[in-house]
Amino acid sequence: MQLEFESELLKTQIEVQEQTMQTIASDLHDNIGQLLSLTALTLSSINLKEPQKLEKKVSESIGLVNSSIKELRGLAKLMNGELIVQTGLGKAIKQEIDRLKKIGTYKIKVKNELLDIEISSPNKDLIVLRLLQEIINNIIKHAHASHIEIEVYSISDVLYLTVKDNGIGFDYETAKTQIKGIGLSSIHNRIKMIDGKINIQSNPSDGTLTTIEIPYP
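Residues numbered from 1 in each chain as written. Predicted model: local features only at pLDDT ≥ 70, side-chain atom pairs only at ≥ 80, totals over all residues. Heavy atoms only, no water.

Peer 1: Just to check I follow, could you spell out the side chain of Thr162 for this structure?
Peer 2: Within the secondary structure, Thr162 is located in strand E3 (residues 158-165). Taking the relative accessible area as the measure of exposure, Thr162 reaches 16% and is therefore buried. Beyond its immediate chain neighbours, meaning those up to four positions away, Thr162 contacts Glu149, Ile150, Glu151, Thr210 and Thr211. (Helix = DSSP H or I, 4+ residues; strand = E, 2+ residues; numbered from the N terminus. Buried < 20%, exposed > 50% of the residue type's maximum accessible area, 1.4 Å probe, protein only. Contact = heavy atoms within 4.5 Å.)

Peer 1: Looking at this structure, I do not really get the sheet that holds strand E5 (residues 208-215). What am I missing?
Peer 2: Hydrogen bonds along the backbone pair up the strands of a sheet, which may run parallel or antiparallel. A sheet is described by the order of its strands in space; here five strands give the open sequence E1-E2-E3-E5-E4, paired in mixed fashion. Only two strands of the sheet have a single neighbouring strand rather than two, namely strand E1 (107-112) and strand E4 (197-202). Pairs of neighbouring strands in the sheet enclose a mean axial angle of 5°, with direction left out of account. Where strand E2 (residues 147-155) and E3 come together, eight bridges link them in antiparallel fashion. Following the sheet pairing, Tyr153 is matched in E3 by Tyr160. Sheet strands in contact with helix H5 (residues 122-143) are E2, E3 and E5, and its direction is about 10° off that of E3. (Pairing = 2+ DSSP bridges. Axes fitted to C-alpha atoms, helices over the stretch in contact; angles between N-to-C directions.)

Peer 1: How do you make sense of the pairing of E5 when you look at a structure like this?
Peer 2: Regular strands place their side chains on alternate faces of the sheet. Two strands pair when backbone bridges link them, and E3 and E5 are joined in this way by eight bridges, in the antiparallel orientation. In the strand pairing of E5, Tyr160 is matched with Glu213. With six bridges connecting them, E4 and E5 associate as antiparallel partners. Opposite Ile200, over in E5, you have Thr210 as the bridge partner. Hairpin connection between E4 and E5: a loop of five residues separates the two successive antiparallel strands, and Ser205 in this loop has a positive phi of roughly 70°.

Peer 1: Quick question: what am I supposed to make of unusual backbone geometry here?
Peer 2: Leaving glycine aside, a negative phi is the common case for residues, and trans is the common case for peptide bonds. Phi is positive for His144, close to 55°, though the residue is something other than glycine. Even without glycine at this site, Asp195 takes up a positive phi of about 60°. Relative to the helices and strands, Asp195 is located in the loop between helix H7 (184-193) and E4. You can call Asp195 exposed: its relative accessible area is 62%.

Peer 1: Help me understand H7 in this model?
Peer 2: Residues spaced three or four apart along an α-helix point in a common direction, a consequence of the helix completing one turn every 3.6 residues. Inspection of H7 places Leu184, Ile187, Arg190 and Ile191 among the buried residues, and these make up the whole buried set. Angularly, the buried residues of H7 cover 135° about the axis, an arc narrow enough to put them on a single face. A positive backbone phi angle near 60° is found at Asp195, which sits one or two residues after H7. (Arc of directions from axis to C-beta.)

Peer 1: Explanation requested: helix H4 (residues 89-103) in the structure shown.
Peer 2: Relative to the 21 Å expected for 15 residues at 1.5 Å per residue, H4 spans 22 Å between its end C-alpha atoms, a close match to the ideal helical length. Count one or two residues on from H4 and you reach Gly104, which has phi positive near 75°. (Expected span 1.5 Å × (residues − 1).)

Peer 1: Sorry, what's going on with the packing of H4 against H5 here?
Peer 2: Each pair of packed helices gets described by two things: the angle between the helix axes and the distance between those axes. H5 packs onto H4 with a crossing angle of 15° between their chain directions and a minimal axis gap of 10 Å. Viewed along their axes, H4 and H5 adopt a mutual orientation that is roughly parallel. Relative to H5, H4 is oriented so that their crossing is right-handed. Between H4 and H5, the contacting residues are Leu89, Ala92, Ile93, Glu96, Arg99, Leu100 and Ile103 on the first element and Asp125, Val128, Leu129, Leu132, Gln133, Ile136, Asn137 and Ile140 on the second. Of the residues contributing to the contact of H4 with H5, the split by class is 10 nonpolar, two polar and three charged. (Parallel < 35°, antiparallel > 145°, perpendicular 65-115°, else oblique. Left-handed = near helix turned anticlockwise from the far one by under 90°. Nonpolar A, V, L, I, M, F, W, Y, C, P; charged D, E, K, R; others polar.)

Peer 1: Teacher, can you tell me more about the nonpolar core here?
Peer 2: The nonpolar side chains of a soluble globular protein tend to be buried, and buried together. Ile150, Leu159, Leu161, Val163 and Ile212 are the most contacted members of the largest nonpolar core, which has 38 residues in total. With 10 residues, the single largest contributor to this core is H5. If sequence neighbours within four positions are ignored, Ile212 has contacts with Leu131, Ile135, Leu159, Tyr160, Leu161, Ile191, Lys197 and Ile198. (Core = buried A, V, L, I, M, F, W, Y, C linked by side-chain atoms within 4.5 Å.)

Peer 1: Please clarify how the pattern of salt bridges should be interpreted in this entry.
Peer 2: Pairing is possible between side chains of opposite charge, provided their charged atoms come close. Scanning the model with the defined rule gives six salt bridges in all. Residue Lys53 is joined to Glu50 by a salt bridge in which the shortest nitrogen-to-oxygen separation is 4.0 Å. Taking relative accessible area as the criterion, Lys53 reaches 42% and is therefore assigned partly exposed. Among the residues examined, Glu50 registers a relative accessible area of 28% and is labelled partly exposed. Note that Glu113 and Lys111 form a salt bridge whose closest N and O atoms lie 3.3 Å from each other. Under the relative-accessibility criterion, Glu113 is labelled partly exposed at 41%. Lys111 gets classed as partly exposed once you look at its relative accessible area, which sits at 40%. (Salt bridge = Lys/Arg side-chain N within 4 Å of Asp/Glu carboxyl O.)

Next comes the structure, spelled out in C-alpha cells:
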C-alpha cells in the first residue's frame, strides 16, 4: 500500500508539473510574447525627427518592458509544482485560480480561507492541488459554463473544497463507468488515498457541484 501511495504521489507530482509547463508555455506565447512584440513595434516606430512624440513612445516602451518583467517573475514562481505547494496550499490554489482568470471566459467567485493559515500537509496539498486542476480542466473542456464558484476552507481538522459551475452538467452515474472522458476514476482514487470524501451533484443542463472533504493536516 505504501509503494502504491508513493507511486500515485509521484504521478500526481508529474501531472502538476505538466500543468505548470502548459501554463508557462501559454503565458509565454499569449502574454509575454505579445508584450515584447508590442514593445518592438513601439520602439521601431520612433522617429528622431519628431522629438515631441519621442518621450511618449519611450515611456510606453518602458511600461511594456516592466509589464514583461512582472509576467516573467510570476512564471518563475510556477516553475516547480512541488515548490508551489511549499508556499502553502492557499497560495497554490490562488495561483491556479489566477490561471483560470487569465482565460477571461468565466465570471469567477472565490472564497479562499487557506491563504492565512500556517498548517500544511505537503503530500495532501499536492493531491488537493491536482484535484482542483482536474476539476477546472473538466469545466474548461466539457461544461460550457460562464460562472464558476470556488470555495476552500478548514474547520475542525477537515479541509473543504467546493467547485460549482453553471454549465451543461452530465449524467454522473453514466460518467463513472466510462474509461475515458472526465477522469472521475482518477479523482475518486486520489480522494481515497488521503481518506477523503467526494460528492458530485450534476444533471444535464443543471450545472455541477463538486464537494470534497479531507482530514487535514
